[in-house]
Amino acid sequence: MASSRAILALCLLATVLCPALSRPRPLPNLPVNGPRNLANGLSYDFHADSCPDLVDIVWPIVESAVLGEIAIAAGLLRIFFHDCFPQGCDASVLLTGANSELDLPPNLTLQTRALQLIEDVRVKVHAACGATVSCADILTLATRDAVFVAGQSEVFYFYEMPLGRFDSLAPANSADVFALPRSDANASVLLDSFKTRNLEPIDLVALSGAHTVGKASCGNFNNRFSEDSDFARKLAANCSSDVNRLQDLDVTTPIVFDNKYFSNLLEGKGVFTSDQVLASDGRTQWAVQGLAQNKWWFYSQFRDSLIKLSQFQPNGNVGEIRSKSCFTTNGQSSLLEEGFAASA
Ligand code: HEM
C-alpha cells in the first residue's frame, strides 16, 4: 500500500515537473487554410481509416526525442530536405546498401540519431497499424512535429501535412543528389535550383529559415574567411582554434525555431554564403526583411513552403510501403533474409 502511494506521488510529481509527459498533441488548425489542390495520391486524411491513431503515435516519440535533444529537430529537417529535393519525398535518402544516397558527400553528415528515430517510429506505427504507412510519410510527420517542438513556447501553427506517399524502390541517382545546393552558392544558383523543384524565391528564403536551428562544420563556410568583416574574422578565428568545431547556424538563438535567423542576415551574420546572399540580392532581400520583421509570417510561410516541398514528385507517386525497415526496400530485405537463412 505504502509503495503504491509512493508510485502515485512520483507519477504526480513527474507530471508537474515534466508537463511534456502529459501534454497531448496540439490540435491542427490548418485544414481550412492548407492547399486543397494536392499532388498525385496525397490527401490530408489518407490514413484516417487504415491508421487512425497515426499522428498520436508519432507525436510523443518525436516530442520526447526533441525535448531530450534539440539537435534532433535540426537533424530531421535536414534529412527531410535532402530526401525531397533530389527526386521527391520518397524516403530514398534512408536506403542503405548499393548506390546509397547516404554515401554521397552531401549526405555524409546527416544525423544518425535522427535517421534511426524515423525507423523507431516506423516500428511503432507498423506494430499498431500493419505496414500501411510509408517511411516517407513518417519522415514528413516527424519533421512537422519536430519543428513544432523546437518552436518552444511560441504560439505556433500546428498543421496537417498531405500524406499518402510511397517509398522509393531505389536511391536517387547521384546527379540528382548533387543538385542539392552547395553552401558557397550565389543567389542565382540557389534560385535556379529551387525553381527546378517548383519552388519560388519566397520558398527558398522561408525554407532557408530552417537554419534557425542546427550546426555546420568549418569546411562548409571556410570560403568566407577572407571576407573583410568582423563576423567573418570571428568565424575564421573560431575554426582555427578548433577545426572540428561545430558552428551554430543561428548565432543569436541557436536552439529555438524562430525568425532571428533573418535578423542575423540583415546584420551580416549569416554563416554560409548561401544564407548571406539572400539578404543582399534584390530577388530575395524583400523576403528576408519581411520575415525578419514578422515572425507570424515566417511561421505560416515556412508551413506553406514545407507543404509545397513535401509534394514535389518528379517521378509521380509510385513505390512501396517499406515493411521491414526504412533502411531497405522490401526486395532488399527478402534478399538479406534469404542470405541469413542460407548461412544459418
Ligand atoms: C538553400 C540552400 C541550402 C544550403 C546550401 C544548405 C547547406 C547546408 C550545409 C552545408 C549544412 C551543414 C552541414 C554540415 O556541416 O554538416 C546545413 C545544415 C542544415 N541545413 Fe541546410 N542548406 C540549405 C537549405 C536547407 C533547407 C531548405 C533546409 C530544411 C528545410 C535545411 C536544413 C538544415 C538544417 C536543419 C541544418 C543543421 C543540421 C544539423 O545540425 O544536423 N537546409 N545546410
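See the structure above.
Being a predicted model, the structure only gives us computed values, none of them experimental. (Residues numbered from 1 in each chain as written. Predicted model: local features only at pLDDT ≥ 70, side-chain atom pairs only at ≥ 80, totals over all residues.)

Draft legend 1. Structural context of the overall build of the protein chain. Per the secondary structure count, the protein chain includes 15 helices and two strands. Expressed as a percentage of its 344 residues, the buried residues of the protein chain come to 40%. Counting contacts in the protein chain only where the partners sit at least 6 residues apart, residues at least 24 apart contribute 77% of the total. (Helix = DSSP H or I, 4+ residues; strand = E, 2+ residues; numbered from the N terminus. Buried ≥ 20, exposed ≤ 12 C-beta atoms within 10 Å, placed from the backbone. Contact = placed C-beta atoms within 7 Å.)

Draft legend 2. Up close: the nonpolar core. Counting residues in each nonpolar core, the largest one holds 76 residues, and the members touching the most others are Val 58, Ala 73, Ile 118, Ile 138, Ala 142 and Ala 146. Counting residues per element, this core draws most heavily on helix α6 (residues 135–150), which supplies eleven residues. Once residues lying within four places of it in the same chain are set aside, the contact partners of Ile 118 are Leu 94, Cys 135, Ile 138, Leu 139, Ala 142 and Cys 326. The next biggest cluster of nonpolar side chains, apart from the first, holds five residues, and it includes Phe 221, Leu 249, Val 271 and Phe 272. (Core = buried A, V, L, I, M, F, W, Y, C linked by C-beta atoms within 7 Å.)

Draft legend 3. Focus on the environment of Val 58. By the element assignment, Val 58 lies in helix α3 (residues 54–68). Judged by local crowding, Val 58 falls into the buried class, with 24 C-beta atoms found within 10 Å. For the pair Val 58 and Ala 142, spaced 84 residues apart in sequence, the C-alpha to C-alpha distance is 6.6 Å. If near-sequence neighbours (up to four positions away) are discounted, Val 58 is found in contact with Val 121, Val 125, Ile 138, Leu 141, Ala 142 and Asp 145.

Draft legend 4. Summary view of the packing of helix α5 (residues 112–129) against α6. The geometry of α5 relative to α6 is characterised by a closest axis approach of 10 Å and an angle of 110 degrees between their N-to-C directions. In this view, α5 runs roughly perpendicular relative to α6, as classed from their interaxial angle. You can see that α5 and α6 cross each other, and the crossing is right-handed. For the pair α5 and α6, contact is made by Leu 117, Ile 118, Val 121, Arg 122 and Val 125 and by Cys 135, Ile 138, Leu 139 and Ala 142, respectively. Along the lines of polarity and charge, the residues of the contact of α5 with α6 split into eight nonpolar, no polar and one charged. (Axes fitted to C-alpha atoms, helices over the stretch in contact; angles between N-to-C directions. Parallel < 35°, antiparallel > 145°, perpendicular 65-115°, else oblique. Left-handed = near helix turned anticlockwise from the far one by under 90°. Nonpolar A, V, L, I, M, F, W, Y, C, P; charged D, E, K, R; others polar.)

Draft legend 5. Structural context of the site of the ligand. The environment of the ligand is formed by 25 residues, the closest being Thr 109, Leu 207, Ala 210, Gly 214 and Ala 216. Among the elements of the structure, α4 (71–87), α9 (201–208) and β1 (215–217) are those that each provide at least two residues to the shell around the ligand. Counting residues per element, the shell around the ligand draws most heavily on α4, at six residues. By residue class, the composition of the shell around the ligand is twelve nonpolar, ten polar and three charged. (Near = placed C-beta within 6 Å.)

Draft legend 6. Representation of unusual backbone geometry. Located in the positive-phi region is Ala 91, a residue other than glycine, with phi close to 60 degrees. Mapping Ala 91 onto the fold places it in the loop between α4 and α5. Judged by the 27 C-beta atoms lying within 10 Å of it, Ala 91 is buried. Positioned with a positive phi, Asn 99 is a non-glycine residue whose angle comes to about 60 degrees. Among the structural elements, Asn 99 can be located in the loop between α4 and α5.

Draft legend 7. How the structure looks around the packing of α4 against α6. Relative orientation of the contacting elements α4 and α6 amounts to 140 degrees, with a least axis distance of 9 Å. When the axis of α4 is compared with that of α6, the two are oblique. Crossing hand, α4 versus α6: left-handed. Residue-level inspection shows Ile 72, Ala 73, Leu 76, Leu 77, Ile 79, Phe 80 and Asp 83 of α4 in contact with α6, the latter providing Leu 139, Ala 142, Thr 143, Ala 146, Val 147, Val 149 and Ala 150.

Draft legend 8. Layout of helix α8 (residues 187–195). For α8, the set of buried residues is Ala 187, Leu 190, Leu 191 and Phe 194. All buried residues of α8 lie within an arc of 95 degrees about the axis, which places them on one face of the element. Exposed side of α8, more than 90 degrees from the buried face: Ser 188 and Asp 192 are the residues found there. Against α9, α12 (273–280) and α13 (282–293) lie the buried residues of α8. (Arc of directions from axis to C-beta.)

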